[in-house]
Amino acid sequence: GGLDPKGCAEAARAVLQEEAEKPLKIAYIEGDDVLKILKDAQGGDFPCLDDDKTIGDVKELLVSANAYLGGDVIKDALDMGADIVITGRVADPALVVGPALAHFGWDETDWNRLACATMAGHLLECGAQVTGGYFADPGYKDVPELHAVGFPIAELAEDGAVVISKVEHTGGVVDCRTVKEQLLYEIHNPAAYLTPDVVADISDAEVVEVGPNRVALRGVC
């Protein structure tokens with residue numbers, strides 16, 4: 001789907017025509033592929049972040065170039081009645097932000113709620129990392145039944161409140177330690193986490209255990 005969302009959608013539709021109990025609407029999202037834009041750019045004004053070259057200096061070597069899309073395009077697809085949404089390149093948290101926008105009817109400038117949904121998506125984005133997979137260091141930081149680690153669940157309320165848990169009767173653990181490690185994973189600036197949807201600030205965030213394998217995230221803005 002990442003390289004060819006339309007082709008993936010067509011393949012999925014062909015399978016579902018045979019297997020699905022009822023017709024399902026499949027949407028696909030394009031627009032992330034910016035290779036032609038970069039190759040057609042005059043003057044090579046786009047800087048490379050790795051060195052002092054510009055895109056113009058290396059554009060003949062480029063084989064792919066993609067920009068991160070946000071949750072707004074996923075929201076649009078869901079608002080149109082899609083049961084399945086297949087995207088090209090989107091930011092990982094957008095997979096939560098888009099459905100939240102569609103479900104709760106939030107405004108796309110409701111920054112604090114978008115920030116909460118973004119961090120919920122960030123906690124989910126690497127699957128079992130937040131349930132102990134990333135935290136585990138056997139003999140030092142032991143995680144129970146890591147061989148059967150469960151996937152995480154994010155409970156997101158209309159006001160933006162977030163609780164992270166995991167599938168019942170599975171291994172792994174969700175506690176303050178696992179959530180904090182994933183919360184800080186790949187965060188370049190805790191006060192300004194850049195995404196296509198919002199710039200989130202977790203510098204005053206609180207992580208609170210509210211039950212067995214249940215952790216609340218508060219104070220995101």
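Before any of the text, the structure's been laid out above.
Residues numbered from 1 in each chain as written. Predicted model: local features only at pLDDT ≥ 70, side-chain atom pairs only at ≥ 80, totals over all residues. Heavy atoms only, no water.

### A few points about the overall build of the protein chain
This is how it is decided: Secondary structure is summarised from DSSP: a helix means a run of H or I of at least four residues, a strand means a run of E of at least two, and numbering begins at the N terminus for each. Partly exposed describes any residue whose relative accessible area lies between the buried limit of under 20% and the exposed limit of over 50%, with all areas from a 1.4 Å probe on protein chains only and scaled to the type maximum. Contacts were defined at the residue level, with two residues in contact if any of their heavy atoms lie within 4.5 Å. Note on areas: Shrake-Rupley with a 1.4 Å probe; residue coverage comes only from the protein chains shown. In this tally, Lys and Arg are treated as positive and Asp and Glu as negative; His is ignored, and so are the chain termini. A single reference atom marks each charge: NZ on Lys, CZ on Arg, CG on Asp, CD on Glu.
Helix and strand counts for the protein chain stand at seven helices and eight strands. Reported as C-alpha extents along the three principal axes, the dimensions of the protein chain are approximately 55 × 50 × 40 Å. Sorting the 221 residues of the protein chain into buried and exposed places 39% on the buried side. A separation threshold of at least 6 residues defines the contact pool for the protein chain, and within that pool the share at least 24 residues apart is 58%. Put simply, the protein chain shows about 12,600 Å² of open surface, and 52% of that area lies on carbon and sulfur atoms. Counting 17 positive and 39 negative side-chain charges, the protein chain places the averaged centre of each group 2 Å from the other.

### Focus: the layout of surface pockets
Formally: Cavities and pockets were defined on a 1 Å grid built from protein atoms only: a cavity is a group of points that admits a 1.4 Å probe but offers it no way out, a pocket is an open group of points flanked by protein on both sides within 12 Å along at least five of seven lines, and a lining residue is one with an atom within 4 Å of any such point. Grid points are joined across faces, edges and corners, and a volume is the space filled by probe spheres set on the points.
Computed from the structure, the largest pocket encloses a volume of approximately 280 Å³. Taken together, 13 residues make up the lining of the largest pocket; nearest its centre are Tyr-68, Asp-92, Glu-186, Tyr-193 and Leu-194.

### Some words on the nonpolar core
Our working rule: Residues grouped as a nonpolar core are buried Ala, Val, Leu, Ile, Met, Phe, Trp, Tyr and Cys residues, joined through side-chain atoms within 4.5 Å.
Of all hydrophobic cores here, the largest spans 28 residues; its most connected members are Met-119, Leu-123, Val-179, Leu-183, Val-207, Leu-217 and Val-220. Of all the secondary structure elements, the ones that give two or more residues to this core are helix H5 (94-104), helix H6 (111-124), strand E4 (162-166), helix H7 (176-183) and strand E8 (214-218). Apart from residues lying up to four places away in sequence, Val-179 is in contact with Leu-123, Val-130, Val-174, Val-207 and Val-215. Leu-38, Cys-48, Val-58 and Ala-65 belong to the second largest nonpolar core, which has seven residues in total.

### Re a negative patch on the surface
Going by this rule: Exposure above 30% relative accessible area and the absence of a salt bridge qualify a residue for a patch, where like charges join within 9 Å and nonpolar side chains (Val, Leu, Ile, Met, Phe, Trp, Tyr) within 5 Å. Between Lys or Arg on one side and Asp or Glu on the other, a salt bridge is scored when a side-chain nitrogen of the former is within 4 Å of a carboxyl oxygen of the latter.
On the surface, Asp-4, Glu-10, Glu-30 and Asp-33 cluster together into a negatively charged patch. You can see Glu-30 is positioned in the loop between strand E1 (26-29) and helix H2 (35-40).

### Let's talk about unusual backbone geometry
The backbone phi angle of His-169 is positive, close to 60°, even though this residue is not glycine. Along the chain, the position of His-169 falls in the loop between E4 and H7. A positive phi angle, near 55°, is found at Asn-213, a position not held by glycine. Tracing the chain through its elements places Asn-213 in the loop between strand E7 (206-211) and E8.

### Side note on H6
Applied cut-off: Expected span, for any helix, means 1.5 Å times one less than how many residues it has.
When the terminal C-alpha atoms of H6 are compared, their 20 Å separation across 14 residues agrees well with the 20 Å that a helix rising 1.5 Å per residue should span. Extensive coverage of H6 is indicated by the burial of ten of its 14 residues. Among the residues making up H6, those that are buried are Leu-114, Ala-115, Cys-116, Ala-117, Thr-118, Met-119, Ala-120, Gly-121, His-122 and Leu-123.

### Re the sheet that holds strand E3 (residues 152-156)
Whether parallel or antiparallel, the strands of a sheet pair through hydrogen bonds between backbone atoms. Applicable threshold: Two strands are said to pair when DSSP picks up at least two bridges between them. Axis definition: a line fitted to C-alpha atoms, limited for helices to the stretch in contact. Angles are taken between N-to-C directions and run from 0 to 180 degrees.
Taken in spatial order, the four strands of this open sheet run E3-E4-E8-E7, and their pairing is antiparallel. The two strands at the open ends of the sheet, each matched to only one other strand, are E3 and E7. Averaged over all pairs of adjacent strands, the angle between their axes in this sheet comes to 25°, without regard to strand direction. Helix-sheet contacts for H6 involve E3, E4 and E8, and the interaxial angle to E3 is about 170°. Most of the contacts of H7 go to E7, to which it runs at about 145°, and overall it touches E7 and E8.

### So, the side chain of Lys-141
The cut-off we apply is this: Counting of polar contacts relies on pairs of N or O atoms within 3.5 Å, with two restrictions inside protein: one atom must be capable of donating a hydrogen and the other of accepting it, and residues adjacent in sequence are counted only when both atoms are side-chain atoms.
Assignment of secondary structure puts Lys-141 in the loop between H6 and E3. In terms of polar contacts, Lys-141 uses its side chain to reach the backbone carbonyl oxygen of Phe-135, at 3.2 Å. Residues within four places of Lys-141 in sequence aside, it is in contact with Phe-135, Ala-136 and Glu-181.

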